[in-house]
Amino acid sequence: MGQSVGFDVVVIGGGIVGLASAYKISLNHPGVTIAVLEKEERLAVHQTGHNSGVIHSGLYYKPGSAKARTCAKGRKELVEFAKEHGIEHKICGKIIVATDKKQLANLERVYNRGVENEIEGIERIGPEQIKEIEPYCEGIAGIKVPCTGVIDFVKVAEKLGELIENKDGNKVLTGYEVTGFEKHDFFTRVLTGKDDLKARFIINCAGLQSDRIARMDGVDAGVRIVPFRGDYYELTEQAGEKVRNLIYPVPDPKLPFLGVHFTRLIDGSVECGPNAVFSFKREGYGKLEFSLRDTLASLSFAGTIKIFIKHCKYGLVEYARAFSKKLFLSQLQKMIPTLTEDDIKPGKCGVRAQAVSKKGELIDDFKIERKDNAIHILNAPSPAATAALAIGDHINRMATDYFRLKD
Ligand SMILES: Cc1cc2nc3c(=O)[nH]c(=O)nc-3n(C[C@H](O)[C@H](O)[C@H](O)COP(=O)(O)OP(=O)(O)OC[C@H]3O[C@@H](n4cnc5c(N)ncnc54)[C@H](O)[C@@H]3O)c2cc1C
């Protein structure tokens, strides 16, 4: 590429949200040229490539929220997209299981949300039905969610990248790290370690780095990305039979995380996790990884300290669990009591980009800000991979209105 090649829209971030947004703009505006810039050498290396691979139904989310609006719609579209492009996926269904009477009120709350969100086929189930669906699982009550499934989101992201590039004038450029912006009257020069690009409009989908990109553009929406690591264990091959499909606990309504669960992935292996602990590095995939810059960014923000104070007990228990196989196992045994230490082995880990407000709230819903010629996606946690195509539609509508895109 020559120096300062121009594009109508530059999307920063080659994760599933950036790619789905670029794809939807490209479909709706064939005359608009788009570049997706990804700092890594491959697409979908961070959150999109380190998640549970679950196609979420959409039942958990507050009715009317952006998550609720986009998850079920995005799920249906994702399944159609996977069918059309031959991407392996399975709508295997899941169960949410209460193992203690204290969880029953929250289980009912989740069920009612599912009904309000019109999630198809959900059913309350009792202990016998739990056993019929998952013979090794013990629960006192549950919810059956038939429309949940599994997929490899990296394959979806790669296909989106391919489709974007199929159109003349579009580029998906890996190894391009955005380092700054130079604002001009009718365009922005996007600075990268390589060639600079001219952009009429910018869409920031940089996930774990999205607040930094926003600040480079002079946008401070009062939130900071605080990274939360999620560790997984895997069931050994012999123990694999103890889980048929997906088993979830009842989530704690005070937290935006769904709790440690069992997932039979699309390749047939079974993962258990993820937990949620504060991470000392935004893109650090080991328990001891540390970045001074990232740690200072989190700890110098008042909201992070407020969160630590508010969730101090939960945080300490989660930390202990992260370093103790026994404690992690005891969490899993609540749902499958016959699991033993020999049944699980350490697996992968992922890092969630969780936006935190100055007041110390874990921002639950998606957060999107607009300023001048830019749109910044500042919070796209789970289920954003499931919802990506619907989020892409939303970003396309915003871009059409605010940037007045033609065609
Ligand atoms: C442990 C875990 C489990 C999850 N499980 C599920 C699940 O089962 N189902 C589900 O729907 N969702 C799940 N999620 C959430 C889902 O993975 C994310 O919401 C989604 O992947 C977010 O996509 P993204 O494109 O915003 O972010 P990312 O995939 O992180 O992409 C952002 C991209 O921006 C790039 N970037 C950053 N800075 C720059 C820069 N300066 N220049 C250029 N590029 C840059 C990064 O390299 C990265 O590739 C999970 C997330 C985690 C972490």
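Keep in mind that this is a model prediction, so the values were computed, not measured. (Residues numbered from 1 in each chain as written. Predicted model: local features only at pLDDT ≥ 70, side-chain atom pairs only at ≥ 80, totals over all residues. Heavy atoms only, no water.)

(A) Expanded view of the overall build of the protein. Summing up its helical and strand segments, the protein has eleven helices and 20 strands in all. Against the globule reference of 22 Å for 407 residues, the protein gives a C-alpha radius of gyration of 21 Å, in line with a compact fold. Oriented by its inertia axes, the alpha-carbon framework of the protein measures out at about 65 × 45 × 35 Å. Counting all 407 residues of the protein, 57% fall into the buried class. A separation threshold of at least 6 residues defines the contact pool for the protein, and within that pool the share at least 24 residues apart is 75%. As displayed, the protein offers around 17,400 Å² of accessible surface, 52% of which is attributable to carbon and sulfur atoms. In the protein, the 58 positive side-chain charges and the 53 negative ones have mean positions that sit 5 Å from each other. (Helix = DSSP H or I, 4+ residues; strand = E, 2+ residues; numbered from the N terminus. Rg over C-alpha atoms; globule rule 2.2 N^0.38 Å. Buried < 20%, exposed > 50% of the residue type's maximum accessible area, 1.4 Å probe, protein only. Contact = heavy atoms within 4.5 Å. Areas by Shrake-Rupley, 256 points an atom, 1.4 Å probe, with all protein chains shown as cover. Lys, Arg positive; Asp, Glu negative; His and termini not counted. Charge placed at Lys NZ, Arg CZ, Asp CG, Glu CD.)

(B) Summary view of the layout of surface pockets. In this model, the second largest pocket occupies a volume close to 930 Å³. For the second largest pocket, the lining is made up of 31 residues, of which Gln103, Val250, Asp252, Tyr314 and Gln331 are closest to its centre. Of the residues forming the lining of the second largest pocket, the biggest block, six residues, is contributed by helix H9 (residues 312-323). Across the lining of the second largest pocket, the residue classes tally to 15 nonpolar, seven polar and nine charged. (1 Å grid on protein atoms, 1.4 Å probe; cavity = no way out; pocket = protein on both sides within 12 Å on 5 of 7 lines; lining within 4 Å. Points joined across faces, edges and corners; volume = space filled by probe spheres on them. Nonpolar A, V, L, I, M, F, W, Y, C, P; charged D, E, K, R; others polar.)

(C) Up close: empty space enclosed by the protein. Counted by the stated rule, this structure contains one cavity of 30 Å³ or more. For the largest cavity, the calculated volume is near 40 Å³. Around the largest cavity, the lining residues are Asp211, Ala214, Arg215, Val219, Asp220, Ala221, Val223 and Leu378. Residue contributions to the lining of the largest cavity peak at three residues, all from helix H6 (residues 210-216).

(D) Quick look at the site of the ligand. If you check the shell around the ligand, you find 38 residues, and the closest are Glu38, Thr48, Val54, Ala380 and Thr386. In the complex, the protein chains occlude 97% of the 1,000 Å² of accessible area that the ligand would expose alone. Where the shell around the ligand is concerned, the elements lending two or more residues are helix H1 (16-28), strand S2 (34-38), strand S18 (344-357) and helix H11 (384-402). Looking at the shell around the ligand element by element, the count peaks at three residues for H11. For the shell around the ligand, the per-class residue count stands at 18 nonpolar, 15 polar and five charged. (Near = heavy atom within 4 Å.)

(E) Structural detail: the packing of H1 against helix H5 (residues 153-165). Taken N-terminus to C-terminus, the directions of H1 and H5 make an angle of 35°; their axes are 9 Å apart at the nearest point. Handedness of the H1/H5 crossing: left-handed. Only Phe153, Val156, Ala157, Leu160, Gly161, Leu163 and Ile164 of H5 make contact with H1, whose side of the interface consists of Ile16, Leu19, Ala20, Ala22 and Tyr23. Looking at the contact of H1 with H5 residue by residue, the class counts come to eleven nonpolar, one polar and no charged. (Axes fitted to C-alpha atoms, helices over the stretch in contact; angles between N-to-C directions. Left-handed = near helix turned anticlockwise from the far one by under 90°.)

(F) How the structure looks around the environment of Val260. In this fold, Val260 is placed in the loop between strand S14 (246-249) and strand S15 (261-264). Val260 gets classed as buried once you look at its relative accessible area, which sits at 6%. The sequence separation of Val260 and Phe328 amounts to 68 residues, and the corresponding C-alpha distance is 8.9 Å. If sequence neighbours within four positions are ignored, Val260 has contacts with Pro249, Cys272, Gly273, Pro274, Asn275, Phe328, Gln331, Leu332 and Met335.

(G) A look at the pairing of S15. In terms of strand pairing, S14 meets S15 through two bridges, oriented antiparallel. If you follow Ile247 over to S15, its bridge partner there is Phe262. Where S15 and strand S16 (residues 270-273) come together, four bridges link them in antiparallel fashion. Bridge pairing in S16 links Arg264 to Val270. Adjacent in sequence and paired antiparallel, S15 and S16 are bridged by five residues, among which Gly268 carries a positive phi angle near 95°. (Pairing = 2+ DSSP bridges.)

Read these as geometric descriptors, not functional statements.
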